[in-house]
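Residues per chain, in single letters:
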Amino acid sequence: MSIFSGLATLGGSILRNDPPKSPWGGPPAGGDGNGGKGSGGGSDGPRNPWSFPPEGRRPRPGGPSALDELLKRAKTGGGGGGGFSGGGFPGGGLPAKRLWVIGVAVIAAIWLVFTSFQQISPQERGVVTFFGKYSRVLEPGIHLVMPAPINSVTKVNVRAIREENFPTSGSGENLMLTGDQNIVDLGYQVRWNIANPQDFVFQIRDPESTVRATAESAMRATVADVTLDQAIGRGRTVIEARVQQAMQQVLDDYNSGIMVQGVAISKADPPAAVNDDFKAVSAAQQQAQANLNNARAYAQQVIARAQGEAAKFDKIYEQYKVAPEVTRRRLYYETMEAVLAKSNKTIIEAPGVTPYLPLPEAAKRLPEPTTPAPAVQQGGGQ
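Residues numbered from 1 in each chain as written. Predicted model: local features only at pLDDT ≥ 70, side-chain atom pairs only at ≥ 80, totals over all residues. Heavy atoms only, no water.

Caption draft 1: Summary view of the overall build of the chain. What the chain contains, in helices and strands, is ten helices and nine strands. Long-range contacts, defined as pairs at least 24 residues apart, comprise 57% of the intrachain contacts of the chain with a sequence gap of at least 6. Counting every atom, the chain has about 27500 Å² of accessible surface; 58% of that belongs to carbon and sulfur. (Helix = DSSP H or I, 4+ residues; strand = E, 2+ residues; numbered from the N terminus. Contact = heavy atoms within 4.5 Å. Areas by Shrake-Rupley, 256 points an atom, 1.4 Å probe, with all protein chains shown as cover.)

Caption draft 2: Representation of a nonpolar patch on the surface within the structure. A surface patch of nonpolar side chains, about 910 Å² in accessible area, is lined by Leu99, Ile102, Val106, Ile110, Val113, Phe114, Phe117, Ile142 and Leu144. Of all the elements in the fold, those that place two or more residues in the nonpolar patch are helix H3 (96-116) and strand E4 (141-144). Note that Phe114 resides in helix H3. Take Phe114: its relative accessible area is 63%, and that puts it in the exposed class. (Patch = residues over 30% accessible without salt bridge, like charges linked within 9 Å, V, L, I, M, F, W, Y side chains within 5 Å. Salt bridge = Lys/Arg side-chain N within 4 Å of Asp/Glu carboxyl O. Buried < 20%, exposed > 50% of the residue type's maximum accessible area, 1.4 Å probe, protein only.)

Caption draft 3: Representation of the sheet that holds strand E5 (residues 151-157). If you trace the three strands from one edge of the open sheet to the other, you get E3-E2-E5, paired in antiparallel fashion. Looking along the sheet, the strands with just one partner apiece sit at the ends: strand E3 (133-138) and E5. The sheet shows a mean angle of 25 degrees between the axes of neighbouring strands, direction not considered. Pairing analysis gives seven bridges linking strand E2 (residues 124-130) to E5, with the strands arranged antiparallel. Note that in E5 the partner of Arg125 across the bridge is Val156. (Pairing = 2+ DSSP bridges. Axes fitted to C-alpha atoms, helices over the stretch in contact; angles between N-to-C directions.)

Caption draft 4: Seen up close, the pattern of salt bridges. Applying the stated criterion to the full structure yields eight salt bridges. Between Glu139 and Arg125 there is a salt bridge, with the nearest N and O atoms lying 3.2 Å from each other. Of the two residues, Glu139 is situated in the loop between E3 and E4 and Arg125 in strand E2; the sequence distance between them amounts to 14 residues. Notably, a salt bridge pairs Glu216 with Arg220, separated by 3.5 Å at the nearest N-O pair. With Glu216 and Arg220 both in helix H5 (residues 207-223) and four residues apart, the pair spans about one turn of that helix. Note on Glu216: relative accessible area 32%, which makes it partly exposed. Given a relative accessible area of 35%, Arg220 falls into the partly exposed group. Linked by salt bridges that have partners in common, Glu325, Arg328 and Arg329 make up one network.

Caption draft 5: Spatial organisation of the side chain of Gln248. Tracing the chain through its elements places Gln248 in helix H7 (residues 236-253). Discounting chain neighbours no more than four positions away, the residues touching Gln248 are Ile258, Met259 and Val260.

Caption draft 6: Highlighting the packing of H5 against H7. Closest axis-to-axis distance for the H5/H7 pair is 9 Å, and the angle between their directions is 135 degrees. The pairing of H5 with H7 is recorded here as oblique in orientation. Crossing of H5 against H7: the hand is right-handed. Residues Thr210, Val211, Thr214, Ala215, Ala218, Met219 and Thr222 of H5 touch H7, and the partners they reach there are Ile239, Arg242, Val243, Ala246, Met247, Val250 and Leu251. Grouping the constituent residues of the contact of H5 with H7 by class yields ten nonpolar, three polar and one charged. (Parallel < 35°, antiparallel > 145°, perpendicular 65-115°, else oblique. Left-handed = near helix turned anticlockwise from the far one by under 90°. Nonpolar A, V, L, I, M, F, W, Y, C, P; charged D, E, K, R; others polar.)

Right, dumping it as structure tokens:
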């Protein structure tokens, strides 16, 4: 009501053409409004704090200024000054208590607006609690809920893919014991996201630590069932699949609301202290494997040749059964031809020994026959 009364007073003053009042008090009668006496004389009124006082009334250098006096009067609620009324603002404004009430009301209205309207982005879900108890899950969009602390909304990003690296620094050692009593330095990465916002918020206290502990336990249990060669070679894919399955089983038993997207082994090496020796052993194993492959290839060639000769013998045997005498003689001739083809030969006939005459060689040594020149006929007389 004091606001309307102040507006009415100001309107009446304008209609009556009253001189405007300063918030620091009315001007002195006949004065010039600067705190000094006007040309018409008159008593001094409250002086304007922003103007310089007359020469004879300036405060001493060590005294308080006009601004300090103003702040002091405002702090004390008017202090009985002529310009303040009711402990409020100058010129008859609202009381300080009412201003505090209005300020609290404005803050409460802002608080209600900002806590009652909740905007959920497409990649988020909002978990609503009623005095700390689970109520519902908000889908993407703008929702109206009861203000805090009656309702509280926890926003959870369900589309973000989170990653956990082992070891954390990426360059350290992560030693594990294999099934054949060897040690392997294994580095891997686990990718996961949130599948159930309600369970994720309420069932586990520290999701990141839970995922890390579960991944390390599953990896060590899996590596303990494989050999070193499988861990550093062809068995990586099998290890990754088994670790993912074991992790998901444990997290589902915890009702964690977490979905394991995949496990990827980034490094599988022997410890650094024995890495050089292990490389030498690996090279020897590869050489042994190469020799074994060569031996197997040679064995396949020998077997193929033997199988070919056996098939040939089977065909000859079939012919032998049809005509035994002819086949026997042909075999004998072919065998003797093969044996005597590259050797010197001596033919023995009764009753003496006749050496083998190399007729082809002797034919080469004989001189070539020369053809005689045709005789020239001499003609006789006619």
